Amino acid sequence: MTQSIKPLVAGNWKMNGLAASRSELEAMIAGAAGLSDRVDLAIFPPALLVPAFAAAAANTVLGVGGQDCHAAPSGAHTGDISAEMLKDAGATAVIVGHSERRTDHGETDAMVRAKAEAALRAGLVAVVCIGETLDERDRDVTLDVVGTQLAGSVPDAATAATVVIAYEPVWAIGTGRTPTTDDVAKVHGFIREKLAARFGDEGAVLRILYGGSVKPGNAADLMAVPHVNGALVGGASLKATDFLAIASACAAT
Ligand SMILES: O=C[C@H](O)COP(=O)(O)O
């Protein structure tokens with residue numbers, strides 16, 4: 001982990017969670033307080049839970065965000081939610097371009113970039129996801145894929161305060177498989193080079209999260225990799241004990 005960058009541990013609940021999950025949120029809020037000098041924490045529940053979770057987390061160190069947004073601020077887009085609506089509901093951030101959105105909804109780099117630009121327009125931090133599939137990894141084109149996604153999905157106006165990159169190998173998501181720390185170092189180092197070349201000083205300090213089967217048992221090793229500035233956690237973020245254990249491991253590196 002790069003010492004000069006405060007890490008972020010973000011929990012993506014995906015399509016999980018009901019109103020009763022509020023107890024997990026409250027445990028996270030309580031646990032986050034003791035870690036906030038070393039690591040930022042944020043949780044991304046389903047959109048229906050954002051207003052209640054954001055209200056519960058207001059004036060605490062735990063951020064609350066959405067999992068997707070439309071590129072437009074409002075309009076005839078049935079079923080969609082704008083970045084402005086998330087902001088209005090108390091969100092501070094939004095995930096864009098998660099591989100499940102790219103796969104399930106055919107989102108392209110251009111669409112992801114437009115969503116990230118919408119986030120910035122609304123005053124939200126955009127967590128921009130990139131990562132290669134297993135087929136792409138097997139064909140040894142990981143860096144090509146990641147470089148293309150990075151160039152195409154990240155807004156020109158990105159700063160360290162407004163954009164976070166999440167590198168998530170698609171084959172590691174929800175599978176229990178993770179890349180070796182050498183593999184993670186190679187990709188994160190490549191992303192850092194690209195960000196620094198494009199954004200200069202801002203690119204040198206923009207946070208790059210690793211995501212894909214991060215658990216309490218492997219978090220310390222993954223978070224110690226150079227240019228890993230935190231984690232985007234899926235399954236293990238549903239339970240406060242696991243989420244906080246990952247955040248503690250991150251804070252300790
Ligand atoms: O957004 C989170 C990632 O897709 C990782 O999910 P996972 O931790 O369940 O593998």
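Residues numbered from 1 in each chain as written. Predicted model: local features only at pLDDT ≥ 70, side-chain atom pairs only at ≥ 80, totals over all residues.

## Points about the nonpolar core
Test applied: Here, a nonpolar core means buried Ala, Val, Leu, Ile, Met, Phe, Trp, Tyr and Cys residues linked by C-beta atoms lying within 7 Å of one another. Neighbour density around each residue's C-beta defines its exposure: 20 or more other C-beta atoms within 10 Å make it buried, 12 or fewer make it exposed, and counts between make it partly exposed, where C-beta atoms are placed from the backbone. Starting at the N terminus, helices and strands are each numbered in turn, a helix being any DSSP run of H or I of at least four residues and a strand any DSSP run of E of at least two.
Grouped together as the largest cluster of nonpolar side chains are 72 residues, with contacts concentrated most on Val94, Val127, Val128, Leu209, Ala231 and Ile246. Per-element tally for this core: the top contributor is helix 11 (residues 240-252), with 7 residues.

## What to know about the UniProt feature "binding site: substrate" (unreviewed entry) in the protein chain
Put simply, the rule reads: UniProt positions are given in the numbering used here, feature names are shortened, and annotations may be inferred rather than shown by experiment. What counts as a contact here is a pair of residues whose C-beta atoms, placed from the backbone, lie within 7 Å.
Taken from the UniProt record, the annotation "binding site: substrate" (unreviewed entry) applies to Asn12, Trp13, Lys14, Gly174, Ser213, Gly234 and Gly235. Sequence-wise these annotated residues cover 224 residues; spatially they are packed, their C-alpha atoms never more than 13.9 Å apart. Along the chain, Trp13 falls in the loop between strand 1 (8-12) and helix 1 (22-33). On the basis of neighbour count, Trp13 is assigned to the buried category, with 21 C-beta atoms found within 10 Å. Not counting residues up to four positions away in its chain, the partners in contact with Trp13 are Ile43, Phe44, Pro45, Pro46, Ser237 and Leu238. Among the secondary structure elements, Gly234 is positioned in the loop between strand 8 (230-233) and helix 11. Excluding its chain neighbours within four sequence positions, the residues that come into contact with Gly234 are Asn12, Lys14, Ile173 and Gly174.

## Some words on the site of the ligand
Filter applied, for reference: By definition, a residue lies near a molecule or strand when the C-beta atom built from its backbone is within 6 Å of it. Each residue gets one of three labels, nonpolar for Ala, Val, Leu, Ile, Met, Phe, Trp, Tyr, Cys and Pro, charged for Asp, Glu, Lys and Arg, and polar for the others, Gly among them.
In the vicinity of the ligand lie 14 residues, with Asn12, Ile173, Gly211, Gly234 and Gly235 positioned nearest. A per-class count over the shell around the ligand returns 5 nonpolar, 8 polar and 1 charged.

## Quick look at the environment of Ala122
With respect to the helices and strands, Ala122 occurs in helix 5 (residues 109-122). The spatial distance from the C-alpha of Ala122 to the C-alpha of Ala57 is 20 Å, given a sequence separation of 65 residues. In this structure, Ala122 is in contact with Ala83, Glu84 and Lys87, ignoring residues within four places of it in sequence.

## Thoughts on the sheet that holds strand 5 (residues 125-130)
The condition is simple: When DSSP finds at least two bridges between two strands, those strands are taken to pair. Angles here are taken between N-to-C directions and fall from 0 to 180 degrees, while the axes themselves are lines fitted to C-alpha atoms, restricted in helices to the stretch in contact.
Overall, parallel pairing links the 8 strands, which are arranged 1-2-3-4-5-6-7-8 in a closed barrel. Each adjacent strand pair in this sheet contributes to an overall mean axis angle of 25 degrees, direction not counted. Sheet topology note: the strand 1/strand 8 ladder contains 4 bridges and is parallel. If you follow Ala10 over to strand 8, its bridge partner there is Leu232.

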